[in-house]
Amino acid sequence: MNARVIAGQECRDLWLSGRGPVLTFAYAVLLSVVTYLAATNQILNFLEQRESVNLVLQIAVAVGVLLTLVVAADAISGERERGTLESLLLTPVSRGAIVLGKLVAAMSLWAAVFVVALPYLWVLGKGVAVVGEAVLLGLVIGTLLALSMAAIGLLISARSSTNKVSLAASLFLLLALFAPTQLPAMPTSSVGDLLVRINPVTAGMHYIGLVLLKGHSWTQDLSYLISPVVAVLATAVALAVTGPRIVRLTGGVGSG
Amino acid sequence: MRSRIGTRLLLALLVLTLFPAMASATVEVAVSESRITGTVGQYLNIRSTVTNTGSSPTGKLIAHLNVASLNDVYVDLEDWTAAPTQSLPPLRPGERAEVSWDVQAVNAGVFNVYAVVLPNGSESLSVSPPIHVDVAGRRTLSAGGALPIAVIVPILLGLAVFAVRRRLRNTA
Amino acid sequence: MSGVTLEARELSKWFGSRTAVDSVSFTVHEGEVIGLLGPNGAGKTTTIRMLSTVLAPTGGDFAVAGVPSSRPAEIRARIGVLPESAGYPAYQTGLEYLMYHGRLFGLSGDEARQTAVRLLGQVGLADRGQSRIATYSRGMRQRLGIARALVNNPSVVFLDEPTLGLDPAGQREVLTLVRTIAEARGTTVVLSTHTLPEVEQVCSAVLIMNQGKVVVSGSVAEVTSTEPASRQSGRLRVPPGEVTRTAEAVRRVPGVSAEVSKDVVTVTSADGLNDVLSAVLGAGVTVLSFEVDGARLSDAFLAMTRGGTP
Ligand SMILES: Nc1ncnc2c1ncn2[C@@H]1O[C@H](COP(=O)(O)OP(=O)(O)O)[C@@H](O)[C@H]1O
Ligand SMILES: [Mg+2]
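Being a predicted model, the structure only gives us computed values, none of them experimental. (Residues numbered from 1 in each chain as written. Chains lettered and ligands numbered in written order. Predicted model: local features only at pLDDT ≥ 70, side-chain atom pairs only at ≥ 80, totals over all residues. Heavy atoms only, no water.)

Colleague: I'm lost on the packing of aromatic side chains in this one. Help?
Modeller: Aromatic ring pairs are described here by two measures, namely the spacing of the ring centres and the angle between the planes. Per the stated rule, a full pass over the model turns up four aromatic pairs over all chains. Residues Trp80 of chain B and Phe111 of chain B carry aromatic rings whose centres are separated by 4.8 Å and whose planes lie at 65 degrees to one another, so their mutual orientation is edge-to-face. Here the residue Trp80 of chain B occupies a position in helix α2 (residues 77–80), and Phe111 of chain B occupies one in strand β7 (residues 109–118), the gap between them amounting to 31 residues. Exposure class is identical for Trp80 of chain B and Phe111 of chain B. Each is buried. Relative to Tyr97 of chain C, the ring of Tyr88 of chain C lies with its centre 5.6 Å away and its plane at 70 degrees, an arrangement referred to as edge-to-face. For the pair shown, Tyr88 of chain C and Tyr97 of chain C are each scored as buried. Between Arg197 of chain A and the ring centre of Tyr224 of chain A, over which it is positioned, the NZ or CZ distance is 4.0 Å. Sitting above the plane of the Tyr43 of chain B ring, Lys214 of chain A keeps its charged end 4.9 Å from the centroid. (Phe/Tyr/Trp six-rings, centres within 6.5 Å; stacked < 30°, edge-to-face > 60°. Helix = DSSP H or I, 4+ residues; strand = E, 2+ residues; numbered from the N terminus. Buried < 20%, exposed > 50% of the residue type's maximum accessible area, 1.4 Å probe, protein only. Lys NZ or Arg CZ within 6 Å of the ring centre and 35° of its normal.)

Given below as structure tokens:
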């Protein structure tokens, strides 16, 4: 109940006066550029249609998750810095409800950018029966990744002494998780495959590629979804357990 | 897992050395589809099941995928798949194993794709039924299809941003 | 006197090895307006944060409005706090802000709106409720903060330096508001400040803190009559030619010091000024006037917080 009130206000702040609309606009511009390039490449026979859908979907998920993390990383440390956290902590609302409300607000950004990505996937994938599959993959994998990253962003935000620290730490983490997706042909060796599997981001992206591009069935490589699911569960538990203790007036370690 | 494979291997060796004449394993290869259609550049996932239908364990097996053109299109297997050959653990009688290949249809045309299992000894090859693969030439998509979306979506969102900003200014 | 609404027992807070609040104990009665007085860094804010449950004490415990410190959410439901230098969401309107906080205290949407409108009227922001907080002056924000502290109809209100950074007019408005709240609602008010006139204007009791400790507490009258405050001073006005002679006569009285400026001799004594006057008259000086300062809270404050961090 209280979490709903907080989520409602946080969403209004994000979308009516915050950076929600601008971030979504920037996201759309990026997808437009990528989609246009993919479409022209397709004509030039460099990209097969599924490949271009896969490319746009992976970028849509990656950037969407990034934006969600940015919003989450600002949620607590930002309020601390603006001096508005104390009056929130002074209400009888539980710390858990505060965390949940902020998590929902961050996820609203993911929901919005996902909707924005739909027309791009449709225009690239129409003709081959791949649009529905791409949308479903984006929804499932993207939501899993966005949830765990939003939770991690909130944890980092709650622990950070300043907003800058929180954003920097979150972006560094995301970069570290995404970097391996750029390595060529990772899962050919068994060590490489293990590395791909334990990193939820690379595992999720690899799964998208297998189903969308390689034509695997959904159930064939389900084991790649273990780490994204574990990441969601682990971060949710961490947030539920430590949230009430670390959502407090001062960030950093050892104070308050 | 590894130790189980180890014991099986040991068992197989034992059987092979003790009863060389009787060790005639029979392996059957089945594929999940008989017909696939696609377009040039598309990846196809070829899945097969290898079953030991004989009465004795097999040795280590090698599964190999092959692509043959039915209308004189040149096929370079290396282009179709980077790893046409995969090894399988020995199979006990009645045991089965799944093998799958990611294959990219690099040429248009009609092809037969089939899997071969080579035993380690001197027994005969086992071959799967062929999969009839019909690869169509590329359907060219006009860039005109993507352009309207690529233009309209940012414009709509830009208008939304503008509206929100103006509302903020007006109530200030 | 009515019951105790606020009780702190041996309350302490350390930040690392630094002691911010050191075994503070005190009680506040229902309906009292108590001034929490002390120089910067005395531990006022830390004390208020512990009592309002946003900061966990290192030691000791407390009860607010009859609720022990072990039930923080219940305490928060019964208190209203204006935090020190609080921030406000710049893009919300005053009305939205108050309604949101009303909802967080469990009011329904309608109740929250009614409460918000009523409070905006009470703090003199009725006509600015629809403007964004970004456009508010500092004084308006402070009054909005006080309104926010009242959304749950609290039985204890904590105001942490409510006049900080306001111009004299703004300070007067806020202090009048505080007095109104205390009188009209019978609410217990804890007013933290480092300036004295505020306490003298609105408080019935005072608690002086210095370096994390309570130096003295009681009613304003009690505190001003405590021992260190009995130091007395006065100003002797004499004809310009007799200033030097006056100062000499005064200095002959034991325990009395004198400072000279033009035609005024300022005298300070630990035990009364009667001897001073007779000594001066005995020296044949024409006394034009003799003003004796009352025992003022400022003297008590200065005497007791001497040596505190500036
Ligand atoms: N979060 C904190 N971390 C470390 N020291 C603090 C913190 N908050 C307050 N202090 C220290 O505690 C002491 C009391 O501070 P405070 O309660 O703010 O005093 P006041 O409100 O009376 O000015 C000061 O010495 C201050 O430096
Ligand atoms: Mg203070």
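Alright, that's what it looks like, and here's the rest.
Colleague: Could you clarify how one ought to interpret the coordination of the magnesium ion (ligand 2) in this entry?
Modeller: Metal coordination angles in their ideal form are 109.5 degrees for the four-donor tetrahedron and 90 or 180 degrees for the six-donor octahedron. All names here are of chain C. Donor atoms from the polypeptide that coordinate the magnesium ion (ligand 2) comprise Thr45 (OG1) and Glu84 (OE), at 2.0 to 2.5 Å from the metal. Taken as a pair, Thr45 in helix α1 (residues 44–51) and Glu84 in the loop between β6 (79–82) and α3 (94–104) lie far apart in primary sequence, 39 residues in all. Classification of Thr45 by relative accessible area gives buried; the value is 13%. (Donors = N, O, S within 2.8 Å, 3.2 Å for Na, K, Ca; no water.)

Colleague: What should I look at first to understand the interface of chain A and chain B in this one?
Modeller: The figure often quoted for interface size is the accessible area lost as the parts come together. The partner chain B presents 30 residues to the 36 residues of chain A that form the contact. Here chain A meets chain B over a buried area of about 2700 Å², counting both sides, of which 65% is carbon and sulfur. Summed over the shared surface of chain A and chain B, the result is zero salt bridges. One can count five residue pairs in polar contact (both at pLDDT 80 or more) joining chain A with chain B. Counting only elements with at least two residues in the side of chain A that touches chain B, the list comes to α1 (2–17), α2 (20–43), α3 (49–75) and α6 (95–125) of chain A. It is α2 of chain A that provides the largest number of residues to the side of chain A that touches chain B, a total of 13 residues. Considering only residue class, the side of chain A that touches chain B consists of 18 nonpolar, 13 polar and five charged. (Contact = heavy atoms within 4.5 Å. Buried area = accessible area lost by both parts, 1.4 Å probe. Salt bridge = Lys/Arg side-chain N within 4 Å of Asp/Glu carboxyl O. Polar contact = N/O pair within 3.5 Å; in protein donor to acceptor, adjacent residues only side chain to side chain. Nonpolar A, V, L, I, M, F, W, Y, C, P; charged D, E, K, R; others polar.)

Colleague: Before we go on, may I ask you to explain the environment of Pro39 of chain C in this structure?
Modeller: Residue and element names in this part refer to chain C. When you line up the elements, Pro39 lands in the loop between β3 (33–37) and α1. Note on Pro39: relative accessible area 15%, which makes it buried. Here the alpha-carbon distance between Pro39 and Ser23, two residues 16 residues apart in the chain, equals 18 Å.

Colleague: Sorry if this is basic, but what is going on with the site of ligand 1 here?
Modeller: Neighbouring ligand 1 are Thr250 of chain A together with Phe15, Arg18, Ala20, Pro39, Asn40, Gly41, Ala42, Gly43, Lys44, Thr45 and Thr46 of chain C. Near ligand 1, the surrounding residues belong to chains A and C. Here Arg18 of chain C contributes a side-chain N or O atom positioned 3.3 Å from an oxygen atom of ligand 1. Within the contact set of ligand 1, an oxygen atom lies 2.6 Å away from a side-chain nitrogen or oxygen of Thr45 of chain C. Here ligand 1 has 560 Å² of accessible area as a free molecule, and 71% of this is covered by the chains. For the shell around ligand 1, the secondary structure elements donating two or more residues are β2 (18–29) and α1 of chain C. By residue number, the principal contributor to the shell around ligand 1 is α1 of chain C, which donates three residues. Looking at side-chain class alone, the shell around ligand 1 contains four nonpolar, six polar and two charged residues. (Near = heavy atom within 4 Å. Areas by Shrake-Rupley, 256 points an atom, 1.4 Å probe, with all protein chains shown as cover.)

Colleague: Just checking my understanding: could you explain the nonpolar core for this structure?
Modeller: Inside soluble globular proteins, nonpolar side chains tend to come together where they are buried. Tyr27 of chain A together with Phe158 of chain C are the most contacted members of the largest nonpolar core, which totals 112 residues. With 16 residues, the single largest contributor to this core is α6 of chain A. Not counting chain neighbours up to four residues away, the residues in contact with Tyr27 of chain A comprise Ala60, Val63, Gly64, Leu67, Val113, Val116 and Ala117 of chain A. (Core = buried A, V, L, I, M, F, W, Y, C linked by side-chain atoms within 4.5 Å.)

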